[in-house]
Structure formats: C-alpha cells, structure tokens
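Residues per chain are reported as follows:
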There are 2 protein chains.
Amino acid sequence: MVGHGKRVKKQGGTINEVAREAGVSISTVSRIINGTAFVAEDKRRAVEAAMHRLDFQPNYLARTLITGRSMTVGVIAEDIVSPFYADVIRGVEHALLDTPYQPVLNSGHWSTRHETRAIDTLIYRKVDALLLLGSTLTDDTLRGVAGRVPLILFGRRVPGLESHCLTLDQRGAALNATRHLIELGHRRIVHLHGPPGQQDAQERREGYRDALTGSGLPLHPELELQGDFLEQSAAQALTHLLDARVPFTAVFAGNDQMAAGARLALYRRGLRVPDDVSLIGFDDLPASAFTIPPLTTVRQPTYQIGQALARHALNVLAGQPSTLPDFDLPLIMRESTRPLR
Amino acid sequence: MVGHGKRVKKQGGTINEVAREAGVSISTVSRIINGTAFVAEDKRRAVEAAMHRLDFQPNYLARTLITGRSMTVGVIAEDIVSPFYADVIRGVEHALLDTPYQPVLNSGHWSTRHETRAIDTLIYRKVDALLLLGSTLTDDTLRGVAGRVPLILFGRRVPGLESHCLTLDQRGAALNATRHLIELGHRRIVHLHGPPGQQDAQERREGYRDALTGSGLPLHPELELQGDFLEQSAAQALTHLLDARVPFTAVFAGNDQMAAGARLALYRRGLRVPDDVSLIGFDDLPASAFTIPPLTTVRQPTYQIGQALARHALNVLAGQPSTLPDFDLPLIMRESTRPLR
DNA sequence: CTGTTAGCGCATTCAC
DNA sequence: GTGAATGCGCTAACAG
C-alpha cells in the first residue's frame with residue numbers, strides 16, 4: 001500500500017529560516033506578517049521573497065499559544081444530520097466566510113454527555129467563542145460554560161445570558177398554525193408533539209392549546225400524541241389513533257419530519273390529504289415543498305438565523321455592542337390544508 | 001448587556017502551578033498526565049489533588065506544538081446540509097467517539113475555491129489526517145494534498161492513492177436499478193442525472209445506459225435529463241418533458257432528492273406513482289421511506305461508510321496496515337415501482 | 001523513580 | 001526602523 005509516512009511533512013520552513021534566508025531578524029519577519037510596524041521597503045521585499053521561496057506559513061499553534069486567540073468559533077449542533085440545524089450551520093459558515101474566523105463543528109447528539117464532551121473539547125481547543133444550536137444542559141451549567149468562553153445560544157433562553165440567546169416565538173407560531181386549522185373549520189385537531197423535556201416541543205404544544213382555548217374549543221387529551229421529532233414515531237402514534245377509531249379531521253405536527261410520518265400513516269389507511277385530513281408541519285424543511293401534497297408549514301428562517309448568530313459572535317469578539325435580531329415564523333400556505341367539508 | 005469580557009478566563013492554572021502546589025517538578029506532573037513513566041504513589045496522589053484543586057487542564061496548543069500531533073482528524077464534506085453526507089459524518093463521529101481523536105468538520109460547498117480554503121485551514125490547524133467526502137479538486141491537486149497530510153478520500157479514486165480511496169460501485173448499482181425497471185416491462189425510462197462534472201452522476205448515468213444496451217434496448221437521448229441533484233431541477237426537467245409530450249413509463253432519478261422533484265412534477269400532471277409511472281431513486285435518505293408512496297431506491301450505507309473511513313484513518317495514524325472495505329449498494333424495494341400494464 | 005534543562009515556533013517587550 | 005532577549009505551556013531528552 002501507498003504509505004503516507006507517520007509524520008506530517010515539514011511545512012515550508014519556520015520564521016527563523018525565513019529570517020536567515022532574508023538576512024533580517026525574526027522580529028522583522030513577524031512585523032511583516034502581522035503588519036505590526038513599518039518596515040523598510042527593501043527588507044520587506046527580501047522577506048516576502050524568502051517566504052515565497054520557503055513556502056512559509058506561520059505555525060498556527062505557536063501563534064495561538066502566544067496571542068491566546070485561535071480565530072475559531074466553535075459550533076455545536078444537537079445533530080448535524082438534522083436538516084434543520086444543518087441549514088443554520090450553513091448560515092454560520094457563510095457569515096464567517098470572509099472573516100478571519102473559522103467555524104469548527106461538533107455534535108451534541110441530544111445527549112448531555114456528548115454535549116458536555118463536545119463543549120470541553122472545543123474549549124480545550126481554545127475556540128474564541130462558542131455557538132450552541134440547541135442544548136440539553138441546565139441553565140446553571142450553561143452559565144458555567146459562559147464563564148469560560150463567550151457563549152451564544154440558539155433555542156434556549158437562559159436567565160443571565162439573555163443578550164446572547166436567540167429564541168423564536170415557537171408558541172406564537174404554533175398558535176397561528178393551529179388557529180389556521182380552526183379557521184378552516186376543524187375542531188378535532190391532533191397534535192403530534194416532541195419529547196416533553198424539549199423546550200421547543202413544549203412551547204409548540206402550548207401554542208396549540210392556546211389556539212384551542214382561545215377559540216373556546218375544548219382540549220382533547222386523547223388528540224395530543226407524543227413523538228420524538230422523527231418520522232417513525234409520528235407514523236406509529238397516528239396509526240394507533242386511527243386503529244382506536246378516534247375521530248379527527250386535521251393534524252398539526254410538531255415538525256415537518258413528524259408531518260411526513262403522519263402523512264404516511266394516513267396514506268396507509270387510505271385517507272387523503274387534504275381532502276380527508278388537513279396537515280400542518282413546522283420547520284419548512286427544503287424537502288417539504290416537494291412532498292405530496294406540498295406541505296403547509298411554519299417556516300423557520302434557519303439560514304438567516306445562522307448568519308445572525310455568527311455576526312453576533314463576531315461583534316462580541318470585536319468587543320462591540322450587539323443585539324440578536326428577532327425573527328418571524330410565518331405560516332407557509334401550501335396544499336396540505338383545506339376547509340372542512 | 002451582559003458582557004463576556006474580551007478574554008477567555010484563565011483556565012485553571014498551568015502545569016507549573018500544579019507542580020508547585022504539589023511540591024514536585026513539572027516533569028513529574030507531565031508524567032502523570034501522560035502516563036509516560038511510573039511515579040511514586042504519594043506524589044501521584046498529591047499531584048492529582050493539586051490538579052483537581054486548580055481545575056487543571058493541559059494546554060492543547062502547547063502540547064501539540066511539541067508533539068506535532070493535534071489528535072484531530074479533519075473532515076471536509078461537499079455539503080454538510082446534504083442528508084447524504086450528514087449521515088456519513090455521523091458515522092465518522094461515532095467511530096471516533098471513544099478514541100483520543102476528535103473530528104473537525106468543514107464544508108467544501110461543491111466549490112474548488114471553498115474546498116481549497118477548507119483544506120488549507122485544516123492543515124494549518126494541524127489536523128493529523130484529512131477525510132474528504134467528495135471532492136471537486138483534480139487528481140494532481142489531491143496528490144499534492146496527500147503529500148502534506150495523510151489523506152483519505154470518499155467518492156473519488158485517485159491514481160497513486162488507491163489504498164486510501166473508498167468508492168462505491170455507482171455504475172453497477174445504477175445498472176441494477178435500471179434493470180429492475182426493465183424487468184418490470186418498462187422500455188422508455190427517463191434518467192435524471194446530476195452535473196456532468198460530478199463523478200457519481202457520470203457513473204450512474206453510465207450504469208443506466210449499460211442496463212439499456214445490455215438488454216438490447218435503444219438509448220433515447222431525449223430521455224436523459226440533466227439536473228443538479230436538488231428537487232427543483234428534477235421537477236423542472238420532468239415538467240418540460242411532460243409538456244413536450246414525450247412518452248415514458250418510468251423514471252430513474254440520480255438521487256432521492258431528484259426523485260422527490262420528479263414525483264411532484266408527476267403529481268402536478270395528475271400522473272400516479274406507481275400506477276402510471278414507476279420511480280426509482282438513489283441514496284435511500286431517511287425521508288425516502290416516508291414519501292408517498294415510499295420510494296424504491298438504491299441504498300448507500302452512509303453511516304457504515306463513515307465508520308469505515310474513520311477506522312481507516314485511525315489505523316493509518318497508528319501506522320498499522322489497513323484496507324478500506326467494499327460496500328454493496330442494494331436496491332431497496334418499496335412501493336414506487338410496479339410492472340408495466 | 002525524579003528533577004533539571006532545552007527547546008517547539010512565534011509575538012512581544014525592550015533597547016538601540 | 002530594527003535586532004536581541006524573553007516566555008507562552010508543555011514534552012522530551014538528559015542526568016542523577
């Protein structure tokens with residue numbers, strides 16, 4: 001087999017070699033690299049030539065060891081696989097693209113243990129700031145982390161860290177979505193919600209209830225079904241409901257993936273969407289515009305959120321005042337809902 | 001606003017302070033940390049107590065500066081947003097979980113410029129090995145990179161780096177899929193392929209043609225439609241075909257996302273799947289089991305691939321011989337295909 | 001078994 | 001403007 005050799009090849013000389021090659025001191029070279037001070041034109045030329053000849057690249061580690069700044073921002077997402085977080089990450093990456101900062105990604109996997117490990121790793125790696133896209137940690141723990149590194153949170157509102165928390169009005173959006181169903185004439189509306197421990201899941205559920213009670217409609221506990229934000233759980237839960245012959249005419253799913261699961265359960269029983277049952281999701285994943293039928297859902301502007309998060313991090317790192325913007329969660333009307341009857 | 005302070009807080013003392021606190025030399029502390037040599041029980045106790053008291057954590061940068069090994073493996077995916085690569089990444093993360101190595105992710109965004117930048121950044125950050133999940137770079141460039149850092153490639157077969165390349169038989173799998181359609185009696189089969197510059201896209205297209213010619217069927221250039229692996233492109237291309245009233249009875253999409261786009265185009269025209277048109281995808285994304293109808297598709301064992309890639313990297317880093325395994329691409333039969341007539 | 005010494009590669013005071 | 005010296009925090013010889 002073609003071996004790589006166990007050691008990385010020496011990377012084009014050190015600042016010392018450049019200095020010798022150019023006949024100047026290393027401080028002069030350093031000044032040229034960092035633009036710290038003016039340097040005579042001829043020396044600058046000589047140094048630049050030497051750097052080029054030796055294919056010189058400053059050593060990141062040595063440099064960071066001194067300055068204390070690694071020029072990286074750590075990003076931990078609950079799950080990189082999730083299309084939702086992936087798009088936020090895309091926004092972060094994009095916003096950082098033409099800055100000296102680099103994102104470093106890691107996953108929390110919805111697990112306290114993994115998330116803790118990821119955080120420790122990134123702090124150990126000396127990231128200059130940390131972005132948490134969702135978190136399973138307690139407020140206290142989070143405040144502790146914020147004491148070790150500038151911390152910016154998405155999807156959590158932690159007392160004491162408010163100005164670095166970006167949350168969306170999940171409850172209001174869920175209320176909107178449910179109300180839309182009510183306005184279409186639906187009365188028995190199923191809600192597929194995520195894990196009770198999950199803040200977003202909880203808020204959406206409350207929004208659903210708000211809409212019902214706000215319209216003077218009764219709450220039907222048997223219509224609130226728990227899932228885990230994945231397709232399968234929703235399909236199962238709804239299938240059980242169908243088997244129990246509990247009547248309903250609409251479904252508000254806690255996210256688009258659960259909407260897809262619900263959709264399949266309906267399809268299996270020969271129920272049409274939206275003719276027999278109306279369906280609304282939450283997230284507006286890219287794929288949801290292409291489901292059959294295209295899904296009516298709540299849009300979370302994930303990409304823009306990622307950008308906002310990154311820009312805020314940049315500001316914080318620059319020591320500038322910065323406020324996280326607010327985002328609306330519009331209901332995107334497509335074809336999975338229609339008036340009852 | 002709640003400020004973070006511009007500087008990260010001092011992280012629980014240095015090895016020097018620990019040594020002083022414990023009344024030993026720093027080398028003794030270093031030995032205990034790294035298990036480099038045996039240390040008397042009482043000193044070990046004292047040092048561990050001191051480390052705990054000072055909340056000591058060795059400085060990653062200083063350590064790496066000396067050892068030359070950062071204990072990280074860089075991972076560059078064309079696109080983290082893509083569900084396909086995301087699952088490979090999940091496999092990589094998982095395989096690295098209980099090792100001293102940490103993955104560091106970055107995106108190439110299907111762009112030579114971005115990919116080059118990502119590679120430079122990661123090498124600059126001194127990753128010990130680099131995993132490329134897809135690449136837009138030339139063979140020569142890739143060989144150049146391999147000279148700077150141990151390189152492992154997925155989805156590319158580069159002469160000279162064969163033993164570190166993991167590729168799948170896209171062509172054979174595409175042939176299988178198409179042949180399945182042929183065996184069901186289909187003769188006019190549309191193929192939605194990805195960008196011509198993309199190796200996978202090219203190979204799948206060839207597999208499609210192989211199947212046709214292998215069965216003695218004619219190639220119909222008007223049935224080969226180009227897309228970009230996203231839903232929208234497929235929907236458009238197929239809509240055009242439908243408008244032009246070109247007859248066909250089946251569609252083999254270059255990936256599941258394009259299959260979804262095609263599905264919607266058919267739906268818009270009132271064509272049923274599989275009753276009027278059979279549809280096959282490629283990738284077997286998690287969502288594809290929940291489309292309407294569930295999609296027949298070629299499964300790429302992405303998670304296992306990620307694991308294999310990471311394990312190979314580990315072996316290479318350990319200086320052990322290692323061979324990348326082969327993976328089958330089975331056709332997953334679901335409900336989007338059926339015999340003609 | 002343990003302490004002393006010398007750097008890793010670079011930014012950063014200081015003098016000149 | 002520029003060079004010499006100092007040290008970031010740690011590991012790796014080197015002596016004892």
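Summary of the structure given here. None of these values were measured; they are calculated from a predicted model.

Some words on the nonpolar core
Part 1 of the reasoning: Formed by 140 residues in total, the largest nonpolar core has its most connected members in Leu238 of chain A together with Leu238 of chain B.
Part 2 of the reasoning: Those residues within four positions of Leu238 of chain B in sequence are excluded, and the remaining contacts are Val190, Leu225, Phe248, Val251, Ala262, Ala265 and Leu266 of chain B.
Part 3 of the reasoning: Leu130 and Val149 of chain A together with Ile76 and Ala118 of chain B belong to the second-largest nonpolar core, a separate cluster that totals 38 residues.

Focus: the sheet that holds strand S10 (residues 296–299) of chain A
All names here are of chain A.
Part 1 of the reasoning: On the basis of which strands lie adjacent, the open sheet formed by 6 strands has the order S7-S6-S8-S9-S10-S11 and mixed pairing. Both outer strands of the open sheet, strand S7 (224–226) and strand S11 (331–332), are each paired with one neighbouring strand and no more.
Part 2 of the reasoning: Each of strand S6 (189–193), strand S8 (250–253), strand S9 (278–283) and S10 is contacted by helix H11 (residues 256–268), which is oriented at about 155° to S9, the strand it contacts most.

Re the protein's contact with DNA strand D
Part 1 of the reasoning: Neighbouring residues of DNA strand D: 26 residues in total, closest Thr28, Arg31 and Ala40 of chain A together with Ile15 and Ile66 of chain B.
Part 2 of the reasoning: Within the side chain of Arg63 of chain B, a nitrogen or oxygen atom sits 2.9 Å from a phosphate oxygen of DNA strand D.
Part 3 of the reasoning: Of all the secondary-structure elements, those providing two or more residues to the surface near DNA strand D are helix H2 (26–34) and helix H4 (60–67) of chain A together with helix H2 (26–34) and helix H4 (60–67) of chain B.
Part 4 of the reasoning: For the surface near DNA strand D, the leading source of residues is H2 of chain B, giving 5 residues.
Part 5 of the reasoning: By residue class, the composition of the surface near DNA strand D is 12 nonpolar, 10 polar and 4 charged.

Thoughts on the pattern of salt bridges
Part 1 of the reasoning: If you walk through the whole model with that rule in mind, you get 36 salt bridges over all chains.
Part 2 of the reasoning: A salt bridge links Asp210 of chain A to Arg171 of chain A; its shortest N-O distance comes to 2.7 Å. Of this pair, Asp210 of chain A sits in helix H9 (residues 199–214) while Arg171 of chain A sits in helix H8 (residues 170–183), and the two are 39 residues apart along the sequence.
Part 3 of the reasoning: Note that Asp243 of chain B and Arg269 of chain B form a salt bridge whose closest N and O atoms lie 2.5 Å from each other. Of this pair, Asp243 of chain B sits in helix H10 (residues 231–243) while Arg269 of chain B sits in the loop between helix H11 (256–268) and strand S9 (278–283), and the two are 26 residues apart along the sequence.

So, the side chain of Gln198 of chain A
All names here are of chain A.
Part 1 of the reasoning: Note on placement: Gln198 falls in the loop between S6 and H9.
Part 2 of the reasoning: Assessed through its relative accessible area of 18%, Gln198 is described here as buried.
Part 3 of the reasoning: Among all residues touching Gln198, those that are not within four sequence positions of it are Trp110 and Phe229.

With respect to helix H5 (residues 83–96) of chain B
Part 1 of the reasoning: Taking 1.5 Å of rise per residue, the 14 residues of H5 of chain B would be expected to cover 20 Å, and the 20 Å separating its terminal C-alpha atoms lies within 8% of that figure.
Part 2 of the reasoning: Listing the buried residues of H5 of chain B in full gives Phe84, Tyr85, Ala86, Asp87, Val88, Ile89, Gly91, Val92, Glu93, Ala95 and Leu96 of chain B.

Examining unusual backbone geometry
All names here are of chain A.
Part 1 of the reasoning: Between Val273 and Pro274 the backbone carries a cis peptide bond, its omega angle lying at 5°.
Part 2 of the reasoning: Along the chain, Pro274 turns up in the loop between H11 and S9.
Part 3 of the reasoning: The omega angle of the peptide bond from Ile292 to Pro293 is -10°, so this bond is cis rather than trans.
Part 4 of the reasoning: By the element assignment, Pro293 lies in the loop between S9 and S10.
Part 5 of the reasoning: Positive phi, normally seen in glycine, also occurs at Asp284, with a value near 55°.

Brief notes about the protein's contact with DNA strand C
Part 1 of the reasoning: For DNA strand C, the set of nearby residues contains 25 residues, the closest of which are Ile15 of chain A together with Ser27, Thr28, Arg31 and Ala40 of chain B.
Part 2 of the reasoning: Here DNA strand C approaches the protein such that, of its atoms within 4 Å, sugar and phosphate make up 59%.
Part 3 of the reasoning: Side-chain polar atom of Ser30 of chain A to a phosphate oxygen of DNA strand C: 3.1 Å apart, as the coordinates give it.
Part 4 of the reasoning: Residue Arg63 of chain A places a side-chain N or O atom 2.9 Å away from a phosphate oxygen belonging to DNA strand C.
Part 5 of the reasoning: The greatest single-element share of the surface near DNA strand C, amounting to 5 residues, is contributed by H2 of chain A.
Part 6 of the reasoning: Classifying every residue of the surface near DNA strand C by side-chain character gives 12 nonpolar, 9 polar and 4 charged.

As for the sheet that holds S9 of chain B
Residues and elements named next belong to chain B.
Part 1 of the reasoning: What the 6 strands build is an open sheet, ordered S7-S6-S8-S9-S10-S11; its pairing is mixed. Every interior strand has two partners, whereas the edge strands, strand S7 (224–226) and strand S11 (331–332), have only one.
Part 2 of the reasoning: With 3 bridges connecting them, strand S8 (residues 250–253) and S9 associate as parallel partners. Of the residues in S9, the one forming a bridge with Ala250 is Ser278.
Part 3 of the reasoning: Seen against the sheet, helix H8 (residues 170–183) touches strand S6 (189–193), S8, S9, strand S10 (296–299) and S11 and runs at an angle of roughly 165° to S9.

Considering the relation of the copies chain B and chain A
Part 1 of the reasoning: Once chain B has been moved 0.1 Å along the axis and rotated by 180°, it coincides with chain A to within an RMSD of 0.2 Å. The operation mapping one copy onto its partner corresponds to a two-fold rotation axis.
Part 2 of the reasoning: Both copies contact each other with a shared surface, as 100% of the interface residues of chain B are interface residues in chain A too.

A few points about the packing of aromatic side chains
Residues and elements named next belong to chain A.
Part 1 of the reasoning: Evaluated as defined, the whole model comprises 10 aromatic pairs over all chains.
Part 2 of the reasoning: Among the aromatic side chains, those forming a connected cluster through ring pairs are Phe84, Tyr85, Trp110 and Phe154.
Part 3 of the reasoning: The ring centre of Phe282 lies 4.0 Å from the NZ or CZ of Arg204, which sits over that ring.

The rules behind these values
- Residues numbered from 1 in each chain as written.
- Chains lettered and ligands numbered in written order.
- Predicted model: local features only at pLDDT ≥ 70, side-chain atom pairs only at ≥ 80, totals over all residues.
- Heavy atoms only, no water.
- Core = buried A, V, L, I, M, F, W, Y, C linked by side-chain atoms within 4.5 Å.
- Buried < 20%, exposed > 50% of the residue type's maximum accessible area, 1.4 Å probe, protein only.
- Contact = heavy atoms within 4.5 Å.
- Pairing = 2+ DSSP bridges.
- Helix = DSSP H or I, 4+ residues; strand = E, 2+ residues; numbered from the N terminus.
- Axes fitted to C-alpha atoms, helices over the stretch in contact; angles between N-to-C directions.
- Near = heavy atom within 4 Å.
- Polar contact = N/O pair within 3.5 Å; in protein donor to acceptor, adjacent residues only side chain to side chain.
- Nonpolar A, V, L, I, M, F, W, Y, C, P; charged D, E, K, R; others polar.
- Salt bridge = Lys/Arg side-chain N within 4 Å of Asp/Glu carboxyl O.
- Expected span 1.5 Å × (residues − 1).
- Least-squares fit on C-alpha atoms with pLDDT ≥ 70 in both.
- Phe/Tyr/Trp six-rings, centres within 6.5 Å; stacked < 30°, edge-to-face > 60°.
- Lys NZ or Arg CZ within 6 Å of the ring centre and 35° of its normal.

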